[in-house]
Amino acid sequence: MVPKAELHVHLEGTAPPHLVRRIAERNGLTVPDGVFAAPDRFAWRDFLDFLHTYDMAASVIRTGEDYRDIAYEYLSACARQDAIYVELIASPDHAALVGVDDAEHLDGIAAGIDAARAEHGIEARILLTCIRNYGVEQAVRVAAYAAGRPHPYVVGFQMAGDEAGYPPGPFAEAYAIAAGAGLGCSVHAGEWAGAESVRAALELPVTRIAHGVRAIEDPGLVDELASRGVVLECCPTSNVVLGVFDSYEAHPLPALRSAGVRVTLASDDPPYFGASVGGEYAIARERFGMDDDDLRELTRTAIEASFAEPGLRRALLDRLDDGDLQRR
């Protein structure tokens, strides 16, 4: 099997319906109306409605134990699909909205990472994300919090939310704080906003772009991404299900890769889109015509572009080269 790695998955968005219901019951809560379209399926109509459903589902997550269970269950599932490394995007804002303080939030996620490593050998780290539609001031707060290195597993800074309504430029201060502290930086762009959002993102101190696939609309930008070695965190199933592209055949990942852009595979918000890290690799094989060597190259790119500490990156590359899925 090909060892796998993913750099783009939103922690709250990994919890499937059964886990959301279990957490709500444990916390004495009722899942808000409108979250589920069926017992095993979330309800949403378009991207902004998806964000609303995501927020409602996340509202039942109330304790560090909840975050521990979400991280552990997701990483365990990834390990069963031969993943060796995952970067979890965690939102302090979502935790704060339901009264979970920063320490409890991170300690819970870290406990889930530790449990999954002990049981399955998978490694994971945390990217703290601001939510752009919560405003610049809150983004600066999250960046300053991340810059303080509140936990050894916090290795990066990200920005999610309503990309089309909130371009990256006004958030330069937040990124300067995070990058100045030595955190790896990525930003959502080139998903719901076009190539111009990717070009604007390149004004920030980022080495990766979350999605970034609409860069294909600007050949000069594609050349710039390739020459600068910027890595795109591609989520094909998310893009197709949400309607960014009509089909896998229309997805630009193969064209971007052929143009020399470094790309990786990720599942984004897996239960909302019927995705998984293993499923994305299968799509790359079946729809994009990649073989084992190509898929290993994607994993190598993900590990090399990860924000993990150098020693862990070296160990992960050794595992990839050895084909070792279980080393602890």
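Read on for a plain summary of the structure. The structure presented is a predicted model; accordingly, all values stated were derived computationally and were not measured.

### So, the pattern of salt bridges
Under the definition given, this model contains 25 salt bridges. Close ionic contact of aspartate 49 with arginine 45 constitutes a salt bridge, the shortest N to O distance being 3.6 Å. Residue classification places aspartate 49 among the buried positions, given a relative accessible area of 13%. Taking the relative accessible area as the measure of exposure, arginine 45 reaches 70% and is therefore exposed. Close ionic contact of glutamate 123 with arginine 117 constitutes a salt bridge, the shortest N to O distance being 3.1 Å. Neither glutamate 123 nor arginine 117 differs from the other in exposure class; each is buried. One connected set of salt bridges, linked through shared partners, spans Arg22, Arg26, Glu65, Asp66, Arg68, Asp69 and Glu73.

### Considerations on the nonpolar core
Core analysis: the largest hydrophobic core is formed by 99 residues, its most contacted members being Leu88, Ile109, Ile126, Phe157, Ile209 and Leu225. Here this core takes eight residues from helix α3 (residues 64-80), the largest share from any one element. Beyond its immediate stretch of four places on either side in the chain, leucine 88 contacts Val9, Leu11, Ala71, Tyr74, Leu75, Ile109, Ile113, Arg125, Ile126 and Leu127. Grouped together as the second largest cluster of nonpolar side chains are 13 residues, Tyr85, Val231, Ile303 and Leu312 included.

### A few points about the packing of aromatic side chains
Within a pair of aromatic rings, the relevant descriptors are the distance that separates the centres and the angle that separates the planes. What the rule picks out here adds up to 11 aromatic pairs. Look at phenylalanine 50 and tyrosine 54: their rings are 6.0 Å apart centre to centre, the planes differ by 75 degrees, and that puts the pair in the edge-to-face class. Of this pair, phenylalanine 50 and tyrosine 54 are both found in helix α2 (residues 47-58), four residues apart, which corresponds to roughly one turn of the helix. Each member of the pair, phenylalanine 50 together with tyrosine 54, is buried. Relative to tyrosine 175, the ring of phenylalanine 157 has its centre 4.9 Å away and its plane inclined at 70 degrees; by these criteria the two rings are edge-to-face. Pair noted here: phenylalanine 157 is in strand β6 (residues 154-160) and tyrosine 175 is in helix α7 (residues 172-180), with a separation of 18 residues, a long-range link.

### As for the environment of isoleucine 177
In this structure, isoleucine 177 sits in helix α7. As a C-alpha pair, isoleucine 177 and serine 59 span 118 residues in sequence and 29 Å in three-dimensional space. Every residue in contact with isoleucine 177, bar those within four places of it in the chain, is listed here: Val140, Ala143, Ala144 and Ala147.

### Structural notes on the sheet that holds strand β8 (residues 208-211)
Ordered in space as β1-β4-β5-β6-β7-β8-β9-β10, the eight strands form an open sheet in which the pairing is parallel. Sheet topology places β1 (4-10) and β10 (262-265) at the edges, where each strand pairs with a single neighbour. Adjacent strand axes in the sheet meet at a mean angle of 25 degrees, parallel and antiparallel pairs treated alike. One ladder, built from six bridges, connects strand β4 (residues 83-90) with strand β5 (residues 123-131); its direction is parallel.

### What about the side chain of glutamate 280?
With respect to the secondary-structure elements, glutamate 280 resides in helix α13 (residues 277-286). A polar contact of 2.5 Å, which involves the side chain of glutamate 280, links it to the side chain of threonine 237. Among residues more than four places away in sequence, those in contact with glutamate 280 are Cys235, Pro236, Thr237, Leu265, Ala266, Ser267 and Ala275.

### Examining the side chain of glutamate 191
Within the element layout of this structure, glutamate 191 appears in the loop between β7 (184-189) and α8 (195-201). For the buried glutamate 191, no salt bridge exists, and the shortest N-O distance to an oppositely charged side chain is 7.5 Å, to arginine 132. Of note is the side chain of glutamate 191, whose polar atom sits 3.4 Å from the side chain of tryptophan 192. Beyond its immediate stretch of four places on either side in the chain, glutamate 191 contacts Phe47, Glu163, His211, Arg214, Ser238, Asn239, Leu242, Val244 and Asp268.

### Quick notes on the environment of arginine 21
Relative to the helices and strands, arginine 21 resides in helix α1 (residues 17-26). For arginine 21 and cysteine 234, which are 213 residues apart along the polypeptide, the C-alpha to C-alpha distance reads 29 Å. Contacts of arginine 21, omitting those with residues within four sequence positions, involve Val31, Phe36 and Pro39.

### Description of the pairing of β5
Sheet faces and side chains relate simply in a regular strand, where the side chains alternate between the two faces. With nine of nine residues buried, β5 lies mostly within the body of the structure. Of the two faces of β5, the one lined by Glu123, Arg125, Leu127, Thr129 and Ile131 and the one lined by Ala124, Ile126, Leu128 and Cys130 are each fully buried. Sheet topology places β5 next to β6; six bridges connect them, and they run parallel. Residue pairing for β6: isoleucine 131 is matched across the bridge by alanine 160.

Parameters at a glance
- Residues numbered from 1 in each chain as written.
- Predicted model: local features only at pLDDT ≥ 70, side-chain atom pairs only at ≥ 80, totals over all residues.
- Heavy atoms only, no water.
- Salt bridge = Lys/Arg side-chain N within 4 Å of Asp/Glu carboxyl O.
- Buried < 20%, exposed > 50% of the residue type's maximum accessible area, 1.4 Å probe, protein only.
- Core = buried A, V, L, I, M, F, W, Y, C linked by side-chain atoms within 4.5 Å.
- Helix = DSSP H or I, 4+ residues; strand = E, 2+ residues; numbered from the N terminus.
- Contact = heavy atoms within 4.5 Å.
- Phe/Tyr/Trp six-rings, centres within 6.5 Å; stacked < 30°, edge-to-face > 60°.
- Pairing = 2+ DSSP bridges.
- Axes fitted to C-alpha atoms, helices over the stretch in contact; angles between N-to-C directions.
- Polar contact = N/O pair within 3.5 Å; in protein donor to acceptor, adjacent residues only side chain to side chain.
- Lys, Arg positive; Asp, Glu negative; His and termini not counted.

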